Amino acid sequence: DAGVIQSPRHEVTEMGQEVTLRCKPISGHNSLFWYRQTMMRGLELLIYFNNNVPIDDSGMPEDRFSAKMPNASFSTLKIQPSEPRDSAVYFCASQRTGTSKNTEAFFGQGTRLTVV
Amino acid sequence: AQTVTQSQPEMSVQEAETVTLSCTYDTSESDYYLFWYKQPPSRQMILVIRQEAYKQQNATENRFSVNFQKAAKSFSLKISDSQLGDAAMYFCAYRRGNTNAGKSTFGDGTTLTVKP
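Since the model is a prediction, treat every value here as computed from it, not as a measurement.

Considering the overall build of chain B
Piece 1. The helix and strand inventory of chain B stands at 0 helices and 12 strands.
Piece 2. Secondary structure elements of chain B occur, N-terminal to C-terminal, as β-β-β-β-β-β-β-β-β-β-β-β.
Piece 3. Against the 2.2 N^0.38 benchmark of 13 Å for 116 residues, chain B shows a C-alpha radius of gyration of 14 Å, consistent with a compact globule.
Piece 4. Along the longest, intermediate and shortest principal axes, the C-alpha atoms of chain B span 45 × 25 × 20 Å.

As structure tokens, then:
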């Protein structure tokens, strides 16, 4: 298995531009999570999906952030418009839940976003 | 709400020595999972070890072992024979264990330095 795949690995953009981060979860995993990691705030859960449905988006900082999961194998996190304070590493993670064999969360390699 | 506390922002250990990282958590649940993740400078989040709350036996993975004290809600990680490659940030995480469980709650992390 290739693991959780995120793209791009690095993104540098100008303030005000739209940024789209992509994630392909591990096949067979039915839960997907978007986390943001910064020095100041540590690892924050932004949103998570179960069976492609958003379950908890209370961590999404503001309306500039949106996430979609159109199918079981793909999710996006979009920031529009981006601001310098959005600079962080964004992680996607997936896990299997709702069965007798729940697994731990498996993380992608993250996208380092820099907004200048 | 569940909380996870890692009281040691930084720790250091001499190569080949043993070090213990602390983690406490707060929950009213009886069925849950606990995890230790490692994040090296490459930023990849890697699962080190997991513990099911219903198991009394402490989990072990090679040089890594835990001391799980359910009544005290404590879950420490012991690294034996420390190696330079163990240098990383370590995160303790908690997740509810029922079949509809979703997100994990992470501590703030402990940065481990290994001295040659």
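Structure's up, so let's keep going.
With respect to the overall build of chain A
Piece 1. Counting secondary structure elements, chain A contains 0 helices and 11 strands.
Piece 2. Sequence-ordered secondary structure for chain A, helices as α and strands as β, is β-β-β-β-β-β-β-β-β-β-β.
Piece 3. In terms of overall size, chain A behaves like a compact globule, its C-alpha atoms giving a radius of gyration of 14 Å where 116 residues would be expected to give roughly 13 Å.
Piece 4. Seen along its three principal axes, the alpha-carbon backbone of chain A occupies a region of about 45 × 25 × 25 Å.
Piece 5. Out of the 116 residues in chain A, the part that is buried amounts to 50%.

Some thoughts on the pairing of strand β8 (residues 64-69) of chain B
Residue and element names in this part refer to chain B.
Piece 1. Where strand β7 (residues 60-61) meets β8, 2 bridges bridge the pair, whose relative direction is antiparallel. Residue pairing for β8: E61 is matched across the bridge by F64.
Piece 2. Linking β7 back to β8 in an antiparallel pair, the connection comprises 2 residues, with N62 at a positive phi of about 55 degrees.
Piece 3. As defined by bridge partners, β8 adjoins strand β9 (residues 74-79) across 6 bridges and the pair is classed as antiparallel. In the sheet register, S65 faces β9, and the bridge partner there is K78.
Piece 4. Linking β8 to β9, which pair antiparallel, is a turn of 4 residues; within it K73 sits at a positive phi near 55 degrees.

Quick word on the packing of aromatic side chains
Aromatic rings in a pair are described by how distant their centres are and how their planes are angled relative to each other.
Piece 1. Evaluation of the coordinates by the stated rule reveals 15 aromatic pairs over all chains.
Piece 2. Plain terms: the ring middles of A:F107 and B:F106 are 5.9 Å apart, the flat faces sit at 80 degrees to each other, and that makes the pair edge-to-face. In this pair, A:F107 is assigned in strand β10 (residues 106-107) and B:F106 in strand β11 (residues 105-106), connecting two distinct chains.
Piece 3. The rings of A:F33, A:Y35, A:Y48, A:F91, A:F107, B:Y33, B:F35, B:Y37 and B:F106 are connected pair by pair, giving a single aromatic cluster.

Side note on the interface of chain B and chain A
By a widely used convention, the size of an interface equals the accessible area lost when the partners come together.
Piece 1. If you look at the interface, chain B gives 19 residues, while chain A gives 25 residues.
Piece 2. Each partner contributes to the roughly 1,800 Å² buried at the junction of chain B and chain A, and carbon and sulfur atoms together form 45% of this total.
Piece 3. The largest contributions to the chain B side of the interface with chain A come from B:R43, B:Q44 and B:K103, which together make up 34% of the buried area.
Piece 4. Here B:R50 makes a salt bridge to A:E104, at a shortest N to O gap of 2.4 Å.
Piece 5. The interface formed by chain B and chain A includes 9 residue pairs in polar contact (both at pLDDT 80 or more).
Piece 6. Put simply, the parts of the chain that give the side of chain B that touches chain A at least two residues each are β5 (32-39), β6 (46-52) and β10 (88-96) of chain B.
Piece 7. If one sorts the elements of the side of chain B that touches chain A by residue count, β5(B) sits on top with 4 residues.
Piece 8. Along the lines of polarity and charge, the residues of the side of chain B that touches chain A split into 8 nonpolar, 7 polar and 4 charged.

Points about the nonpolar core
Piece 1. B:Y25, B:W36, B:F75, B:L77 and B:Y90 are the most contacted members of the largest nonpolar core, which totals 25 residues.
Piece 2. Contributing elements (two or more residues each) for this core: β3 (19-21), β5, β6, β8, β9, β10 and β12 (110-115) of chain B.
Piece 3. If one sorts the elements of this core by residue count, β10(B) sits on top with 4 residues.
Piece 4. Residues contacting B:Y90, with those up to four places away along its chain left out, are B:Q6, B:L21, B:W36, B:Y37, B:K38, B:V48, B:F64, B:L77, B:I79, B:G109, B:T110 and B:L112.
Piece 5. Within the second largest apolar cluster, 21 residues are counted, among which are A:V4, A:L21, A:M69 and A:Y90.

Description of the environment of B:S104
Piece 1. Considering the arrangement of structural elements, one finds B:S104 in the loop between β10 and β11.
Piece 2. Note: C-alpha distance between B:S104 and B:V4 (100 residues apart in sequence) is 10.0 Å.
Piece 3. Once you skip the residues sitting within four places of it in the chain, B:S104 turns out to touch A:Y35, A:Q95, B:F35, B:Y94 and B:R95.

Definitions and limits used
Residues numbered from 1 in each chain as written. Chains lettered and ligands numbered in written order. Predicted model: local features only at pLDDT ≥ 70, side-chain atom pairs only at ≥ 80, totals over all residues. Heavy atoms only, no water. Helix = DSSP H or I, 4+ residues; strand = E, 2+ residues; numbered from the N terminus. Rg over C-alpha atoms; globule rule 2.2 N^0.38 Å. Buried < 20%, exposed > 50% of the residue type's maximum accessible area, 1.4 Å probe, protein only. Pairing = 2+ DSSP bridges. Phe/Tyr/Trp six-rings, centres within 6.5 Å; stacked < 30°, edge-to-face > 60°. Contact = heavy atoms within 4.5 Å. Buried area = accessible area lost by both parts, 1.4 Å probe. Salt bridge = Lys/Arg side-chain N within 4 Å of Asp/Glu carboxyl O. Polar contact = N/O pair within 3.5 Å; in protein donor to acceptor, adjacent residues only side chain to side chain. Nonpolar A, V, L, I, M, F, W, Y, C, P; charged D, E, K, R; others polar. Core = buried A, V, L, I, M, F, W, Y, C linked by side-chain atoms within 4.5 Å.

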